[in-house]
Amino acid sequence: TALEMMEGRRNPNEKTDVWSFGVLIYEVFTRCAHQPYHGMDVDQIVTFIKAGNHLVQPTGCPSEMYSILVQCTSVKPSDRPTFQQLTKMIRKANSR
């Protein structure tokens, strides 16, 4: 769930879906062995994110994909890429 949704702003859109995609990247590379934000309640997650923190880079996650994860989970929705931009970013990351 995107930060703005956790704060009670219930307006799902492409940017909230992009946030979820960033978390999905984390889950794929951890093979769902680690729950995102494990051990934190919603208020703790919000504080963690607002402090500029991100999910840790999973073992085996290439730096390019981790960079995409970080961009997807940006605090400001306007700083998150669109899915069209993500497609290009992922293709570029996979061509290396």
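Since we're looking at a predicted model, the values are computed, not measured.

Enquirer: Can you walk me through the side chain of Thr16 in this structure?
Expert: In this structure, Thr16 sits in helix H2 (residues 14–29). Those residues in contact with Thr16 that sit more than four places away from it in its chain are Ala2, Glu4, Met5, Asn11 and Arg80.

Enquirer: Looking at this structure, I do not really get the pattern of salt bridges. What am I missing?
Expert: Enumeration over the complete set of coordinates arrives at two salt bridges. Here Glu4 ties to Arg80 by a salt bridge, and the two come within 2.8 Å at their closest N and O atoms. You can see Glu4 sitting in helix H1 (residues 3–6) and its partner Arg80 sitting in the loop between helix H4 (63–72) and helix H5 (83–94), a full 76 residues away along the chain. What makes Glu4 buried here is its relative accessible area of 8%. Here Arg80 falls in the buried class, since its relative accessible area comes to 1%. The partner of Glu7 in a salt bridge is Lys50, and the shortest N-O contact between them spans 2.5 Å. With Glu7 in the loop between H1 and H2 and Lys50 in helix H3 (residues 42–50), the pair connects residues that are 43 residues apart, well separated along the chain. Of the residues examined, Glu7 reaches a relative accessible area of 30% and is grouped as partly exposed.

The rules behind each value
- Residues numbered from 1 in each chain as written.
- Predicted model: local features only at pLDDT ≥ 70, side-chain atom pairs only at ≥ 80, totals over all residues.
- Heavy atoms only, no water.
- Helix = DSSP H or I, 4+ residues; strand = E, 2+ residues; numbered from the N terminus.
- Contact = heavy atoms within 4.5 Å.
- Salt bridge = Lys/Arg side-chain N within 4 Å of Asp/Glu carboxyl O.
- Buried < 20%, exposed > 50% of the residue type's maximum accessible area, 1.4 Å probe, protein only.

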